[in-house]
Amino acid sequence: MTQTRWKMEEPQEIFSRNDGRAGDIVVEKFLVDSMKPAPHVQLACSGRSCAFPLDGNELCIWDTKDPPQQLMILKGHCQPITAVTFGSRESPLLVCSASLDCVMMWGLDECRQEELQGRLPRGTVLGALLGRVLCLRLSPDDRVVAVCAGNRVLMLDLESQSTLAELDGHHGPVTAAEFCAWQTHILISASEDRSFKVWDHHMGSLIHSSSVLTASPLLSLLVDPRSQQLVAGCTDGQLWIFSLVEGHHYRCVMHVDLRKKRESFSTRRAESKPEGGQPPSTKAPETGEETEVALPVLSLAACDCGFLSETGSCLWIGSSAGLLIFNLASFELEGVLHYKDFRSLSIQVAGSCAVASRPGGREALCLLTSMFGNETALVEVDPAALLRSQQRPRRGPDLSVLPSSCVSPTSPLYFGLKEKRTKPATQKQAAARSIVKDHPLVFHSKIRSSGYTAAPCATMFSPKTNFKNDGKRASKCKNNYRCKEYPLESPPPSRLSKQLPVARDQAALLCIQHSGDGQRLACGLANHLSLVCNADLTGTPAVLSGHDGAVGSVCWSHDGRWVLSASQDGTLRVWSVRGPEPVLRLGKDTFPKPVQSAQFYYIDAFILSSSGPEVQLLKHHIDTSKDDLRRYRQKSWFTRVCRLLTTDAVEITSLSAVNDFHSYLVLAAGRNRTLEIFDLNVGCSAAVITGAHSRPVHQICQNKGSSFATQQSQAYDLFATTATGDGIKLWDLRTLRCERRFEGHPNRGYPCGIAFSPCGRFVACGAEDRHAYVYETSSSTFSRRLAGHSSAVTAVAFSPAAAQSPLSVFCWDLSAGLWSRTSYQ
């Protein structure tokens with residue numbers, strides 16, 4: 001007779017140590033006190049049933065749909081049970097258990113019928129004396145079971161009860177195994193030898209063997225069919241994510257340290273406490289976190305968090321200290337539940353863990369065994385309530401790049417609109433008026449000289465610029481380009497079609513931008529020069545000289561007539577595409593510190609610049625007419641409209657705003673790793689994102705589209721940021737959340753640029769390994785790796801029109817390269 005102690009009272013609400021009442025988050029459904037401990041046993045939990053060893057060699061089944069009194073205990077093992085797993089199908093539901101003596105298969109529907117008839121349920125023995133089994137896994141069709149016994153994986157057939165294949169190749173005990181849902185012949189196994197292997201269990205052959213990933217053994221695996229990724233967890237709290245997409249060759253997508261992620265998550269929670277409440281504390285709010293060194297990944301399971309992320313997948317991470325919700329798109333923690341934070345929770349340190357979401361419900365079931373005791377508990381967790389209690393509160397109005405109201409009369413932007421409404425009459429209108437009006441005849445005593453006897457005028461210090469002026473006014477787009485729409489479904493570029501050297505010395509290329517019609521390129525170099533060349537890299541680039549420092553920012557005007565350049569010498573210049581001389585100069589008296597970023601803004605009505613901690617909005621007027629008597633004095637002028645300081649008065653490292661259409665929002669990145677959004681319709685800061693990257697952001701890139709491609713209105717609210725050594729993050733202005741993260745390109749010491757494609761489907765970036773990488777916004781791993789450069793790729797830009805090919809991308813270091821979408825032959 002068993003002496004098991006059951007606690008099956010009504011489910012009680014659990015109270016949190018820190019947050020008070022938390023019954024809507026965690027409810028302990030039942031607690032079992034067994035005669036023997038089971039700290040390191042594979043448990044089984046589904047949305048319908050739970051299975052765990054009881055008193056060593058008995059298998060206990062608890063059905064979540066039936067009343068708690070209807071438990072079922074299956075007997076058949078002589079040795080303690082070491083692994084339990086459920087089948088993939090709900091009907092009939094199978095459960096497989098393993099011990100040192102045998103591996104048994106049970107049909108739960110048949111076992112319940114036999115128990116109701118008063119007979120002892122019996123299972124089917126699949127194999128005997130196979131060794132210590134650490135993991136069991138049934139195939140998606142429930143016909144084959146993978147038995148991880150020792151250093152090998154045995155594939156047992158349920159119908160014939162025979163061994164189909166023996167997969168031997170690991171140098172340590174196999175701790176986990178997973179089938180591939182979309183390729184059922186693929187099996188992935190992980191071992192204490194710190195590596196994973198990919199097998200074709202039909203052929204019994206090895207497909208791929210990874211290198212040694214970490215210094216600690218691997219404990220758990222998960223195959224996510226939505227993102228087609230493999231997640232591996234080890235004993236020291238490290239997560240390794242690999243791509244299973246065909247052609248990616250199982251490359252690593254991301255490496256995550258859960259201890260650091262938990263610390264940053266606790267810091268964000270402390271910083272986001274509402275004003276007027278308790279002051280933020282630098283100490284983590286969780287009890288006992290100071291003594292927790294690592295978070296061993298005991299189990300991995302899919303998390304149904306559709307309300308949280310529509311584009312990415314989330315997973316449950318079961319550890320000895322608690323449960324974590326991890327976002328596979330942004331690679332960030334969404335929620336943390338520590339067992340010690342709840343007073344009435346019976347198990348504070350778990351030895352084994354299994355998590356599963358209820359079918360069609362919002363709750364999740366977590367089956368735990370105690371690390372130091374004999375208890376086994378089932379806990380019900382509401383992830384939505386957990387996230388509501390831990391997510392940062394959203395304050396202020398909803399933000400969007402597309403304006404929802406007219407310009408306010410008190411807005412700084414109203415100054416520019418007022419000037420447009422009261423602009424003077426054109427020359428044609430003035431000439432028409434002069435024909436109608438009569439003027440008196442005036443005789444001048446002196447007339448201007450014809451210049452035949454004057455000395456010829458020479459332009460001083462003018463380098464060879466190679467400008468071609470055909471007398472035609474620059475337009476935004478030619479008709480033959482406008483009639484072609486940007487192909488939205490084209491694949492990313494893959495073939496190098498042309499290359500052009502842009503610098504003879506060792507001056508790096510720092511920035512690049514296409515004109516709106518896609519016919520010209522402007523780029524800034526570290527040797528104080530700016531270049532303008534044809535987009536197809538034909539002809540000789542035109543040189544714009546005059547700066548005394550590296551040109552770190554270039555920008556085209558919306559109409560394609562002007563090029564704006566900002567330099568480290570503290571000056572800003574506006575150039576005409578038809579001449580080598582600047583038409584507007586802004587000196588050091590305007591900017592107290594070097595200009596980091598500058599661009600045209602509000603459809604060329606303003607110039608937006610960042611200098612130190614200031615964002616300056618400048619109203620400008622460009623006049624290219626010349627006065628022979630004062631030819632060295634520029635007629636163009638500017639005036640400062642407003643200044644905006646960052647919240648903590650930190651230096652701005654990057655600035656971005658939309659110029660192709662009217663938008664009120666300006667995005668700025670600070671030296672303290674923050675992102676700040678300014679609303680120029682109000683003239684103040686609208687939102688601040690703290691801790692955007694682990695290092696300061698060196699570029700903000702918005703999804704601006706182009707004149708040749710139309711996107712959904714929500715897509716224009718996406719923007720990307722990049723920081724040295726911290727990859728690329730994709731953000732949404734509506735939620736101010738990181739929606740996806742792109743890793744895989746080496747960028748550890750040099751700031752490499754990023755760019756959105758006009759269709760919004762791709763993000764390109766430079767890298768230090770002399771390659772350019774192209775990511776799809778729906779995937780976290782790169783889809784193309786473009787070679788052809790001799791040094792680090794520092795800047796990238798997509799063509800807005802792609803006249804020569806359906807999709808083109810330009811990547812630059814000391815030379816320029818053009819890639820088309822045609823595949824390599």
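A closer look at unusual backbone geometry
Now for step 1: Note the cis peptide between S91 and P92, where omega equals -10°.
Now for step 2: Among the secondary structure elements, P92 is positioned in the loop between β10 (81-86) and β11 (94-99).
Now for step 3: The residue Q161 is not glycine, and still its phi comes out positive at about 55°.
Now for step 4: If you trace the backbone, Q161 turns up in the loop between β16 (152-157) and β17 (163-168).
Now for step 5: Here Q161 falls in the partly exposed class, since its relative accessible area comes to 42%.

Digging into helix α1 (residues 108-116)
For an α-helix, 3.6 residues make a turn, and residues three or four places apart therefore share a direction.
Now for step 1: For α1, every residue scored as buried is listed here: L108, C111 and R112. The buried side chains of α1 occupy one side of the element, clustering within an arc of 100° when seen end-on.
Now for step 2: On its buried face, α1 is in contact with β7 (49-54), β8 (58-63), β9 (71-75), β10, β11 and β12 (102-107).
Now for step 3: Once α1 ends, the next one or two residues include G118, with phi positive near 85°.

What about the packing of aromatic side chains?
Now for step 1: On inspection of all chains with the given rule, the structure shows ten aromatic pairs.
Now for step 2: Both rings, one in Y775 and one in F782, keep their centres 6.2 Å apart while their planes meet at 90°; by these two values the pair is edge-to-face. Note on accessibility: Y775 and F782 belong to one class, buried.
Now for step 3: Taken together, F742, Y773, Y775 and F782 form an aromatic cluster joined through their ring pairs.
Now for step 4: Stacked on the ring of F606, the Lys or Arg K619 has its end atom at 5.8 Å from the ring centre.

Notes on the pairing of strand β21 (residues 205-209)
Now for step 1: Looking at chain direction, strand β20 (residues 196-200) and β21 are connected through four bridges and run antiparallel. Bridging from a neighbouring strand, D200 pairs with S205 of β21.
Now for step 2: Between the end of β20 and the start of β21, which pair antiparallel, lie four residues, with G204 showing a positive phi angle near 70°.

What about the sheet that holds strand β43 (residues 606-611)?
Now for step 1: On the basis of which strands lie adjacent, the open sheet formed by four strands has the order β42-β43-β44-β45 and antiparallel pairing. At either end of the open sheet lies a strand with only one pairing partner, and these are β42 (595-601) and β45 (637-645). Averaged over neighbouring strand pairs, the angle between their axes works out to 20° when direction is ignored.
Now for step 2: Bridge count between β42 and β43: six bridges; the pairing is antiparallel. Among the inter-strand pairings, S597 is bridged to a residue of β43, identified as S610.

Concerning the pattern of salt bridges
Now for step 1: Under the counting rule described, the total for this entry stands at 17 salt bridges.
Now for step 2: With a closest N to O distance of 3.9 Å, D717 and R734 form a salt bridge. In this pair, D717 is assigned in the loop between β50 (697-702) and β51 (718-723) and R734 in the loop between β52 (728-732) and β53 (737-742), connecting sequence segments 17 residues apart.
Now for step 3: On the basis of relative accessible area, R734 is assigned to the partly exposed category, the value being 35%.
Now for step 4: Each of K261, E332, D726, K729, R741 and E743 takes part in one network of salt bridges that share partners.

Describing the sheet that holds β20
Now for step 1: Ordered in space as β18-β19-β20-β21, the four strands form an open sheet in which the pairing is antiparallel. The open sheet terminates on both sides in strands that have one partner only, identified here as β18 (174-179) and β21. The average undirected angle you get between the axes of adjacent strands in this sheet is 25°.

Comments concerning the side chain of S243
Now for step 1: Note on placement: S243 falls in strand β24 (residues 238-243).
Now for step 2: Polar contacts involving the side chain of S243 include one to the main-chain amide nitrogen of V245, which spans 3.4 Å.
Now for step 3: There is a polar contact of 2.7 Å between the side chain of S243 and the side chain of H248.
Now for step 4: Among all residues touching S243, those that are not within four sequence positions of it are Q228, H248, Y250, R251, V253 and T781.

Procedures and definitions
Residues numbered from 1 in each chain as written. Predicted model: local features only at pLDDT ≥ 70, side-chain atom pairs only at ≥ 80, totals over all residues. Heavy atoms only, no water. Helix = DSSP H or I, 4+ residues; strand = E, 2+ residues; numbered from the N terminus. Buried < 20%, exposed > 50% of the residue type's maximum accessible area, 1.4 Å probe, protein only. Arc of directions from axis to C-beta. Contact = heavy atoms within 4.5 Å. Phe/Tyr/Trp six-rings, centres within 6.5 Å; stacked < 30°, edge-to-face > 60°. Lys NZ or Arg CZ within 6 Å of the ring centre and 35° of its normal. Pairing = 2+ DSSP bridges. Axes fitted to C-alpha atoms, helices over the stretch in contact; angles between N-to-C directions. Salt bridge = Lys/Arg side-chain N within 4 Å of Asp/Glu carboxyl O. Polar contact = N/O pair within 3.5 Å; in protein donor to acceptor, adjacent residues only side chain to side chain.

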